[in-house]
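Below are the chains, spelled out letter by letter.
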Amino acid sequence: GQQLNQSPQSMFIQEGEDVSMNCTSSSIFNTWLWYKQEPGEGPVLLIALYKAGELTSNGRLTAQFGITRKDSFLNISASIPSDVGIYFCAGQLQGAQKLVFGQGTRLTINP
Amino acid sequence: DSGVTQTPKHLITATGQRVTLRCSPRSGDLSVYWYQQSLDQGLQFLIQYYNGEERAKGNILERFSAQQFPDLHSELNLSSLELGDSALYFCASSATGRTEQFFGPGTRLTVL
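Here we summarise the structure given alongside this text. (Residues numbered from 1 in each chain as written. Chains lettered and ligands numbered in written order. Predicted model: local features only at pLDDT ≥ 70, side-chain atom pairs only at ≥ 80, totals over all residues. Heavy atoms only, no water.)

1. Things to note about the sheet that holds strand S3 (residues 19–24) of chain A
Residues and elements named next belong to chain A.
Turning to step 1, where the next piece is worked out: Read across the sheet, five strands follow the order S1-S3-S8-S7-S6 without closing on themselves; strand pairing throughout is antiparallel. In the strand order of this sheet, the two ends are held by strand S1 (5–7) and strand S6 (55–58), each with one partner. On average, each strand axis in the sheet is tilted by 15° relative to the strand beside it, whichever way the strands run.
Turning to step 2, where the next piece is worked out: By the bridge criterion, four bridges tie S6 to strand S7 (residues 61–65) in an arrangement that is antiparallel. The partner of leucine 55 across the bridge, within S7, is glutamine 64. (Pairing = 2+ DSSP bridges. Helix = DSSP H or I, 4+ residues; strand = E, 2+ residues; numbered from the N terminus. Axes fitted to C-alpha atoms, helices over the stretch in contact; angles between N-to-C directions.)

So this is what it looks like as structure tokens:
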């Protein structure tokens, strides 16, 4: 089936650092979503992107819908301990309704 | 709180048994999705229902089945359980015409 390549798989950073992660695919997507999952809980929607080139912010989080429609990026600025968790990208393919999820980026923050 | 509810929160059972997981979508959402997440793995799409009808199928085993009832709640039935079925099972819902899916808190299934 369709796959999203999400990288990096894990990140170990110091509190206050900025974080960048991305998802890429060989397929074209209509929508990109970014979720955060904390241990034992369900994913929580952070940001939704609908148009190529779109840049959207949610507090310290900023995500972009790639111009080629085959990728998306998520940046977290000035990380804090509560940013710890697994971040998933998800995309809706052209002509499809279901979402395809990346494998996640596990973020660990050293205080 | 996403507005999606799932019960039970935890379920422990033995191999060969059958269990039912329940999900209530957000108020007004007609679409329900089921996902499986094994330890440290991504989310694997199982099945989608829209207003009582099956809409899309993913990597769902034949031992698993689902349905959506007239009140829009959904149940995922897992039978002949194996050790490898131990996982978190999530339900999500979305509004008609919208891509954003909102996830419930999940059911953690442990098969011993």
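Okay, back to it.
2. Considerations on the nonpolar core
Turning to step 1, where the next piece is worked out: Trp32, Trp34, Leu74 and Leu107 of chain A are the most contacted members of the largest nonpolar core, which has 23 residues in total.
Turning to step 2, where the next piece is worked out: Of all the secondary structure elements, the ones that give two or more residues to this core are strand S2 (10–14), S3, strand S4 (29–37), strand S5 (44–49), S7, strand S8 (71–76), strand S9 (85–93) and strand S11 (105–110) of chain A. (Core = buried A, V, L, I, M, F, W, Y, C linked by side-chain atoms within 4.5 Å. Buried < 20%, exposed > 50% of the residue type's maximum accessible area, 1.4 Å probe, protein only.)

3. Digging into the environment of isoleucine 76 of chain A
Residues and elements named next belong to chain A.
Turning to step 1, where the next piece is worked out: Note that isoleucine 76 resides in strand S8.
Turning to step 2, where the next piece is worked out: For isoleucine 76, a relative accessible area of 1% translates into the label buried.
Turning to step 3, where the next piece is worked out: Considered as a pair, isoleucine 76 and arginine 106 are 30 residues apart in the sequence and their alpha carbons are 13 Å apart.
Turning to step 4, where the next piece is worked out: Sequence-distant contacts of isoleucine 76, that is, excluding residues within four places in its chain, are made with Glu17, Asp18, Val19, Met21, Arg60, Leu61, Asp83, Tyr87 and Leu107. (Contact = heavy atoms within 4.5 Å.)

4. A few points about the packing of aromatic side chains
Turning to step 1, where the next piece is worked out: Scanning all chains against the criterion turns up nine aromatic pairs over all chains.
Turning to step 2, where the next piece is worked out: When the ring of tyrosine 35 of chain A is compared with that of phenylalanine 103 of chain B, the centres are 5.4 Å apart and the planes differ by 85°; the resulting orientation is edge-to-face. With tyrosine 35 of chain A in strand S4 and phenylalanine 103 of chain B in strand S10 (residues 102–103), this residue pair bridges two chains.
Turning to step 3, where the next piece is worked out: Tyrosine 35 of chain A sits in the buried class, given a relative accessible area of 0%. (Phe/Tyr/Trp six-rings, centres within 6.5 Å; stacked < 30°, edge-to-face > 60°.)

5. A short note on the state of the cysteines
Turning to step 1, where the next piece is worked out: On inspection of all chains with the given rule, the structure shows two disulfides over all chains.
Turning to step 2, where the next piece is worked out: With its sulfur 1.7 Å from that of its partner, cysteine 23 of chain A forms a disulfide with cysteine 89 of chain A. Between cysteine 23 of chain A and cysteine 89 of chain A, the S-S dihedral sits near -85°, and the bridge is therefore left-handed. In this pair, cysteine 23 of chain A sits in strand S3 while cysteine 89 of chain A sits in strand S9, placing the two residues 66 residues apart along the sequence.
Turning to step 3, where the next piece is worked out: A residue is classified by how much of its surface remains accessible, and cysteine 23 of chain A, at 0% relative accessible area, is buried.
Turning to step 4, where the next piece is worked out: With a relative accessible area of 0%, cysteine 89 of chain A lands in the buried category.
Turning to step 5, where the next piece is worked out: The disulfide partner of cysteine 23 of chain B is cysteine 91 of chain B, and the S-S distance across this bridge is 1.8 Å. Where cysteine 23 of chain B bonds to cysteine 91 of chain B through sulfur, the torsion about that S-S bond is close to -45°, and the disulfide is left-handed. Placement of cysteine 23 of chain B in strand S3 (residues 19–24) and of cysteine 91 of chain B in strand S9 (residues 87–94) is noted, with a sequence separation of 68 residues between them. Taken individually, cysteine 23 of chain B and cysteine 91 of chain B each receive the classification buried, so the pair is uniform in this respect. (Disulfide = S-S within 2.5 Å.)

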